[in-house]
Amino acid sequence: MDLIDIGANLTHESFHQDLDAVLARATTHGVGRMIVTGASREGSEHALLLARASEGRLFATAGVHPHHAIDYDEATHDTLRRLAAEPEVRAVGETGLDYNRNFSPRDIQRAVFERQLGIAVEFGMPVFLHQRDAHEDFIAILRQYRDRLPAAVVHCFTDTGEALRDYLDLDCHIGITGWICDERRGAHLRDLVREIPANRLMLETDAPYLLPRTIRPAPKDRRNEPMYLAHIRDEIARDRGESPETLTASSVRTTEAFFNLGS
Ligand SMILES: [Zn+2]
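Presented here is an overview of the structure given in this document. All values derive from a computational prediction rather than experimental measurement.

Moving on, we come to unusual backbone geometry. Excluding glycine, most residues fall at negative phi; most peptide bonds, likewise, are trans. Geometrically, the link from glycine 93 to glutamate 94 is a cis peptide bond, its omega value of 20 degrees lying close to zero. Relative to the helices and strands, glutamate 94 is located in strand 4 (residues 89–98). Looking along the chain, the bond that leaves alanine 207 and enters proline 208 is cis, with omega of 5 degrees. With respect to the helices and strands, proline 208 occurs in the loop between strand 8 (201–203) and helix 8 (229–240). Phi at leucine 210 is positive, roughly 60 degrees, even though this residue is not glycine. Inspection of the secondary structure puts leucine 210 in the loop between strand 8 and helix 8. The class for leucine 210 is partly exposed, based on a relative accessible area of 22%. At arginine 222, a position not held by glycine, the phi torsion is positive, near 65 degrees. Position of arginine 222 relative to the elements: it lies in the loop between strand 8 and helix 8.

Cut-offs used in this document
Residues numbered from 1 in each chain as written. Predicted model: local features only at pLDDT ≥ 70, side-chain atom pairs only at ≥ 80, totals over all residues. Heavy atoms only, no water. Helix = DSSP H or I, 4+ residues; strand = E, 2+ residues; numbered from the N terminus. Buried < 20%, exposed > 50% of the residue type's maximum accessible area, 1.4 Å probe, protein only.

Have a look at this one:
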């Protein structure tokens, strides 16, 4: 059974030259399907085009990352609503709050997060969520919408056990990346992944970001890509005390249900 990478930023410029080779390597390493993250208006349009060009293999999300919240205007809102209606687009996002870098003012991040949650409610779609250093505001907003959302994944979860339990209590899914391989800042995740029920756990690379620090040899350009999802799967399976095959099967089942992919 082939893995599904739920967070691949394949519209990133670092993939412009060799995307076909990247996809071929993913296949070789047992990564069959990928959800291409839409993180801006233009990026979401691009993600849809990639999904259309690789039907059944690539799918897309449509959203605006909190870093870009400052750019969100009515035209962006209209674009995201149009994209949400496309069959290749399987979730609204990436959206959420990022108080780590504050590239956009916090009040604007909150307003733009709510507008995108509104689109997901309107179209009955799952949401692909980003939260960094903003758990309290993030969960307060998400709580107001959760009952009206079919499903929600907190992607690239890196936060504390308390935050994890808050999300699981809200019946959220959790996306785990190669951050777990970072012995400096991800070691706590090795225990926490045991607390995530199999039917709430999904796997992602967040490529080209977050190259797992345990990859040997590390690629010279430090670019992460979907083929490394197999390595991340192996690490998480070991931490959970289960076989790679078991984690592959459960995560694929969970992901197919979340994004309505069929099997
Ligand atoms: Zn993110």
